[in-house]
Amino acid sequence: MTMNPKKLYPRTGDRETIYLAAAITDPAISVGDFTIYNDFVHDPRDFETNNVLYHYAVNRDRLQIGKFCSIACGAKFLFNSANHSLSSLSTYPFPIFYEEWGLEKRDVTKAWDNKGDITIGNDVWIGYEAIILAGVTIGDGAVIGARSVVTKDVAPYTIVAGAPARPVRKRFSEETIRKLLKIRWWDWPQERISRCLEAIQTGQIDRLTASPQ
Ligand SMILES: CC(C)(COP(=O)(O)OP(=O)(O)OC[C@H]1O[C@@H](n2cnc3c(N)ncnc32)[C@H](O)[C@@H]1OP(=O)(O)O)[C@@H](O)C(=O)NCCC(=O)NCCS
C-alpha cells in the first residue's frame, strides 16, 4: 500500500486523473485529500483556469472542496463575477468599463451580485460537465448528475439532477445517513479507512460504525 494524498498522479500511466489538491495554487481554493479530478479534454492540472470560472480575487469568494470527492471531466464552478447585477436597470456591466464611463475603479464589484462562496462537502460525486453556481453548498455524500446546473444547496447524501438540479432521491435511509454523518469516515486515519474498505464498498454501515479505532 503506497498512499500519498499529496502526490499529483494517483494512477500509474494515467495523466488524466489527478489528486486535485496537488494542482491548486490559488489561496482562495482549498481541496481535501484524495479528491480526484479527471479530464480527458484538457490537462487536469489546469483546473483552476478551465473549471473555476469568473473567480476574481477582488470578490474574496472561496471554493472549498472536501475529501474523497470525485469530480468528472468538465465540471465547472461559476463564481460571482458571472452574475451581472440584477438590481441595476441594465445588465450591462458599466462598472467594469470604469475608464470609458468615468466611474471609480474601486466600484468595479458593483457590476455583479455577490452570492458568496461555493462549498462542497466530503465524498461528493460531481458528474460530467455539471455546473455549480456561486453561493451553493453541497452536503457530504451528495451526487450531482451529468450536466446538472446546481442553483440551490444540496442536502447530504442526496442525488440531484437536471437544470435546475432537483432532488432525485436520497442515497440511503435516514438512519444510515445519520450514522455516516456522525462517523465521518473520511476524517479517519488512512489505515483505518483501508481496513474498512470492504464494509464501505458493500454498504455494511454497522460494521463501519463498530470498526476498531
Ligand atoms: C444522477 C445519476 C447518478 C442518477 O442515477 P440514478 O439514481 O440511477 O437515477 P435514474 O437513472 O433512476 O434516474 C432518476 C430520474 O432522474 C433523471 N436523471 C438522471 N440523471 C439525470 C441527469 N444527469 N440530468 C437530468 N435528469 C437526470 C432520470 O431521467 C429520472 O427521471 P424520472 O424520475 O422523471 O424518470 C446519473 O443519472 C448521472 O447523471 N450520473 C453521472 C454520470 C457521470 O457524469 N459520470 C462522469 C464520470 S465519473
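Residues numbered from 1 in each chain as written. Predicted model: local features only at pLDDT ≥ 70, side-chain atom pairs only at ≥ 80, totals over all residues. Heavy atoms only, no water.

Caption draft 1: Representation of the layout of surface pockets in the model. The calculated volume of the largest pocket comes to roughly 490 Å³. Forming the boundary of the largest pocket are 22 residues, of which Asp123, Trp185, Leu197, Ile200 and Gln201 lie nearest the centre. Within the residue set of the lining of the largest pocket, elements represented by two or more residues are α3 (174-183), α4 (190-195), α5 (197-201) and α6 (205-209). At 4 residues, the largest contribution of residues to the lining of the largest pocket is made by α5. Counted by class, the lining of the largest pocket contains 14 nonpolar, 6 polar and 2 charged residues. Shared between two domains, the lining of the largest pocket holds at least three residues of each, these being domain 1 (17-171) and domain 2 (173-213). (1 Å grid on protein atoms, 1.4 Å probe; cavity = no way out; pocket = protein on both sides within 12 Å on 5 of 7 lines; lining within 4 Å. Points joined across faces, edges and corners; volume = space filled by probe spheres on them. Helix = DSSP H or I, 4+ residues; strand = E, 2+ residues; numbered from the N terminus. Nonpolar A, V, L, I, M, F, W, Y, C, P; charged D, E, K, R; others polar. Domains from an automatic or database assignment.)

Caption draft 2: View of unusual backbone geometry. Following Ala163, the chain continues to Pro164 via a peptide bond in cis, the omega torsion being 0°. For Arg60, which is not a glycine, the phi torsion comes out positive at approximately 55°. In this structure, Arg60 sits in the loop between β4 (52-53) and β5 (63-65). A relative accessible area of 73% places Arg60 in the exposed class. Of note in this structure, Tyr157 is not a glycine but carries a positive phi near 55°. Here Tyr157 is to be found in the loop between β13 (149-150) and β14 (158-161). (Buried < 20%, exposed > 50% of the residue type's maximum accessible area, 1.4 Å probe, protein only.)

Caption draft 3: Quick look at the side chain of Ser85. Looking at where Ser85 falls in the secondary structure, it is placed in the loop between β7 (76-78) and α2 (98-101). Within the structure, Ser85 has its side chain in polar contact with the side chain of Ser87 (distance 3.1 Å). Polar contacts involving the side chain of Ser85 include one to the side chain of Asp113, which spans 3.4 Å. Once residues within four sequence positions are removed from consideration, Ser85 is found in contact with Ser90, Thr91, Lys110, Ala111, Trp112 and Asp113. (Polar contact = N/O pair within 3.5 Å; in protein donor to acceptor, adjacent residues only side chain to side chain. Contact = heavy atoms within 4.5 Å.)

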